Structure formats: structure tokens, C-alpha cells
Amino acid sequence: MYAARSKITDLEAQVADLKGKVEDERTDKERVEAELKAQVSSRDKDLAAKDVEIAELKHRLQEKTDKSKSLEIDLESERDISTSALNVAQNNYSEAQGIIDTLAAEAEWIRSRG
């Protein structure tokens, strides 16, 4: 009877020890889960911040692209105006040269008659 009682006491001690280990493991598991949830939450916040930053960068890039296109259009327009102005100046020069040549010829004719 003493041996059985001793065996029961040993088994009860082992059960208590195992319950303690199970409780320790449960506590460790809960701690690890809490840490992982905190890490996931932190990473989610970081990703959300990165998404906002990416959206802002995309917006700024689009603005720069639009401005670049506008400047390109302005440059083409200025180039067209400059080309037109150059053509007008060349035409005016040709007309003036023609008038000068005519006046020079008339002046020569008048001198030779003179």
C-alpha cells in the first residue's frame, strides 16, 4: 500500500510538473503571438506609410511629366514663331535688297545721263 501511495504521489508530482510546463508553454506562446501581432501591426503601418509616399511620388512625377510636356509644347511654339520671324526677316531683307538694287541702278542711270 505504501508503494502504491508513493507511486500516486510521484504521478501527482509529475502531473503538477507537466501542468506547470504546459502553462509555461501557453504563456510563452501568448507572448510570442503578441510580439508577432505587434510586428505585423508595425509592418502594416510602415507599408501604409510607404503606400502614401509612393502615391505622393507618383503624383509629383505626373506633375513633372505634365509640366515637361507643356514646356515642350511651348518650346515648339517658340521655335515655330522664331522660324516664322526669321522667314519674314529674310523676305524683308530680300525686298529691301531689291529696292536698293533698283535705286542703285537708277542712280547709275541718272549719273550716266548727267
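Scroll up to find the structure.
The text that follows walks through the structure, step by step, so that each part is easy to find. (Residues numbered from 1 in each chain as written. Predicted model: local features only at pLDDT ≥ 70, side-chain atom pairs only at ≥ 80, totals over all residues. Heavy atoms only, no water.)

## What about the overall build of the protein chain?
Counted only if it meets this: Helix and strand definitions here come from DSSP, where helices need a minimum of 4 consecutive H or I residues and strands a minimum of 2 consecutive E residues; each element is numbered from the N-terminal end. Only protein chains enter the area calculation, which uses a 1.4 Å probe; residues under 20% of their type maximum are buried, those over 50% are exposed, and those in between are partly exposed. Shrake-Rupley sampling with a 1.4 Å probe provides the accessible areas, and residues are treated as covered by the protein chains on show and by no other component. When charges are counted, Lys and Arg are positive and Asp and Glu negative, with His and the chain ends excluded. By convention, charge coordinates are those of NZ in Lys, CZ in Arg, CG in Asp, or CD in Glu.
Helix and strand content of the protein chain: one helix and zero strands. Taking the principal axes of the C-alpha coordinates as reference, the protein chain spans close to 165 × 15 × 10 Å. Looking at the 114 residues of the protein chain, the share that counts as buried comes to 0%. Roughly 10500 Å² of accessible area belongs to the protein chain as shown, and the carbon and sulfur atoms make up 58% of that amount. Of the side-chain charges in the protein chain, 19 are positive and 26 negative, and the distance between the mean point of each set is 8 Å.

## Quick word on the pattern of salt bridges
Test applied: Salt bridges, as used here, are contacts in which a Lys or Arg side-chain nitrogen is within 4 Å of a carboxyl oxygen on Asp or Glu.
All told, the structure shown has six salt bridges when counted by the stated rule. Residues R31 and E35 are paired through a salt bridge, measuring 3.1 Å at the closest nitrogen-oxygen approach. Residue R31 and its partner E35 are both found in helix α1 (residues 2–113); the two are separated by four residues, about one turn of the helix. For E35, a relative accessible area of 40% corresponds to the partly exposed category. The closest approach of N and O atoms between E108 and R111, which form a salt bridge, is 3.2 Å. Of this pair, E108 and R111 both sit in helix α1, three residues apart, which is roughly one turn of that helix. Judged by its relative accessible area of 46%, E108 is partly exposed.

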